[in-house]
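Single-letter residue listing:
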Amino acid sequence: MPLLPALPDLVPRQRCGVIEFPVHHMRGGTSTGLVLHAAGVPAEQTLREELLRHLMGVPQSGRLPGNRQITGLGRGAPTSNKVFLVEVEQHAGQPRMVSTLAQLAGEHGDIDWSVNCGNMSSALQLWGLDSGVIEALAIGAHDIDIRNTNTGVITTSRMARELDGSFTATGIPGVPGSFPRVDLFLQHPAGAKTGKLLPTGKAQDTVHGYDVSCVDVAVPMVIAPASQFGKTAQEAIRELEADTAFMQAIRQVWRAAGLLMGLRRRDGELMTLEELERSETIPKFCIVGPAAGEGNIAVRYFTPQAGHASLAVSGGCCLAAACLIPGTVAHALARGVPPVGRDEAEIDIGIENPAGILDTTIVARQAGDAIAIDSAAYRRSTQILLRGHVPLYQPSAALKAWLLKQF
């Protein structure tokens, strides 16, 4: 039976006087980005961030409006400006992957280390198999846990192999065709960023005159009824982004709601209003409305600075969980969702988004007067776009010296 070969070449090399750095360029779900071996990346933060900017083609400092990232592998949108640093540790006698996400933006050099990405996380097990840092799969399903250092969330990734050695494949909304299937299970995802399922302590708040629900499952998110903005949650994302009054209103709401949620920077300090205004990652924001088709609820999702062409899986899990919590704006608009009982049960929620329906499963139970979210699962697909070495034409003297020591 053919197995994926181990690829030991995970260190930099030099060709024609230029240092080249090893990368996997991958797609996970509806996001793309790089996966790097954490052991081969500088531990010193300044050098680490310089390297990532070179690889993705973003400014080393300041702002560059309209940057097309033609010198790197980034693709402009936040969903295609992600880099995962990954290694393997031993936990309870079993290998466990450790992931750290760097979220970049095309027009400036700031890097956000505060959140995870559910879509790109689906690429990590395949990266581990392809690079040889975890053992190749035998026939059937194989699970491996992934500990994310940005959020502390543990995800279980599951892939399977067929009798001919190929990966079991699937199709997902927003991605044409079938590719290796990955099932991801978020363990104990409630309060991933804030420590609370409902960060403000309430199922619903009023922010600048708008009713919203602030929920933290896998990612902190502000959920608002589309009707309050004169929308239906059936609009094209481009149409919403072109509505300057709408975009100004939701930016005002997410900034103020972020303060109410007590969101913090990676160093533990509370984020300021100005930091929330610049944030590329938190809080996520969405407008919701009644489903028009076979789903339970409709959504238009923002990352937050830009509209999402489909729906990030972390945001999808958060919204699905919100549909189960009485008093939230999502619960009021969702249809066909059964009540949560005292016994742990799997509840399927279909979320209509511009690319189709994101199918999620929330494992929940009634715990006294509250809802306990024990896990959240979603299905993605993944692929390797490119594996190889990226030439670094303009490293600083300090970065070059560090890289030369790795040969």
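Conventions used here
- Residues numbered from 1 in each chain as written.
- Predicted model: local features only at pLDDT ≥ 70, side-chain atom pairs only at ≥ 80, totals over all residues.
- Heavy atoms only, no water.
- Axes fitted to C-alpha atoms, helices over the stretch in contact; angles between N-to-C directions.
- Helix = DSSP H or I, 4+ residues; strand = E, 2+ residues; numbered from the N terminus.
- Parallel < 35°, antiparallel > 145°, perpendicular 65-115°, else oblique.
- Contact = heavy atoms within 4.5 Å.
- Nonpolar A, V, L, I, M, F, W, Y, C, P; charged D, E, K, R; others polar.
- Buried < 20%, exposed > 50% of the residue type's maximum accessible area, 1.4 Å probe, protein only.
- Salt bridge = Lys/Arg side-chain N within 4 Å of Asp/Glu carboxyl O.
- Pairing = 2+ DSSP bridges.
- Phe/Tyr/Trp six-rings, centres within 6.5 Å; stacked < 30°, edge-to-face > 60°.
- Lys NZ or Arg CZ within 6 Å of the ring centre and 35° of its normal.

Draft legend 1. Highlighting the packing of helix H1 (residues 45-56) against helix H9 (residues 397-404). Packing of H1 against H9 brings their axes to within 10 Å, and their N-to-C directions diverge by 95°. Between H1 and H9, the angle falls in the class roughly perpendicular. Contacts between H1 and H9 involve Leu47, Glu50, Leu51 and His54 on the former and, on the latter, Ala398, Leu399 and Trp402. Across the contact of H1 with H9, the residue classes tally to five nonpolar, one polar and one charged.

Draft legend 2. Focus on unusual backbone geometry. Backbone torsion omega between Ile282 and Pro283 reads -10°, so that peptide bond is classified as cis. Following the sequence through the fold, Pro283 ends up in the loop between helix H6 (273-278) and strand E14 (284-289). Of note, the phi angle at Cys16 is positive, near 55°, even though the residue is not glycine. Within the secondary structure layout, Cys16 lies in the loop between strand E1 (13-15) and strand E2 (18-28). Residue classification places Cys16 among the exposed positions, given a relative accessible area of 83%. Even without glycine at this site, His188 takes up a positive phi of about 50°. Looking at the secondary structure, you find His188 in the loop between strand E10 (175-187) and strand E11 (205-207).

Draft legend 3. Quick peek at the pattern of salt bridges. Following the criterion strictly, the structure yields 13 salt bridges and no others. Of the charged contacts in the structure, one is a salt bridge between Asp243 and Lys231, with a shortest N-O distance of 2.7 Å. Within this pair, whereas Asp243 is found in the loop between helix H4 (237-242) and helix H5 (244-261), its partner Lys231 is found in the loop between strand E13 (219-225) and H4, the two being separated by 12 residues in sequence. Residue Asp243 is classed as partly exposed on the basis of its relative accessible area, which comes to 25%. A relative accessible area of 14% means that Lys231 is categorised as buried.

Draft legend 4. Summary view of the side chain of Arg255. Residue position: Arg255 is located in helix H5. In contact with Arg255, not counting residues within four places along its chain, are Leu273, Leu276 and Glu277.

Draft legend 5. Main features of the pairing of strand E9 (residues 169-172). On E9, burial follows the alternation: Thr170 and Ile172 on one face are buried, whereas Ala169 and Gly171 on the facing-out side are not. Pairing geometry for E9 and E10, over three bridges, is antiparallel. Within E10, the residue paired with Ile172 across the bridge is Val175. Linkage of E9 to E10, two consecutive antiparallel strands, is achieved through a turn of two residues, within which Gly174 is found at a positive phi near 90°.

Draft legend 6. Up close: the packing of aromatic side chains. Tallied over the entire structure, the rule returns five aromatic pairs. Aromatic pair Phe246 and Phe302: ring centres 5.9 Å apart, planes at 55°, arrangement tilted. With a gap of 56 residues between them, Phe246 in helix H5 and Phe302 in strand E15 (residues 297-302) connect regions that are remote in the sequence. The class for Phe246 is buried, based on a relative accessible area of 4%. On the accessibility criterion, Phe302 (0% relative accessible area) is buried. Feature note: the residues Tyr210, Phe229, Phe246, Phe285 and Phe302 constitute an aromatic cluster, connected by ring pairs. Geometry around Phe179 places Arg27 over its ring, the cationic atom sitting 4.8 Å from the centre.

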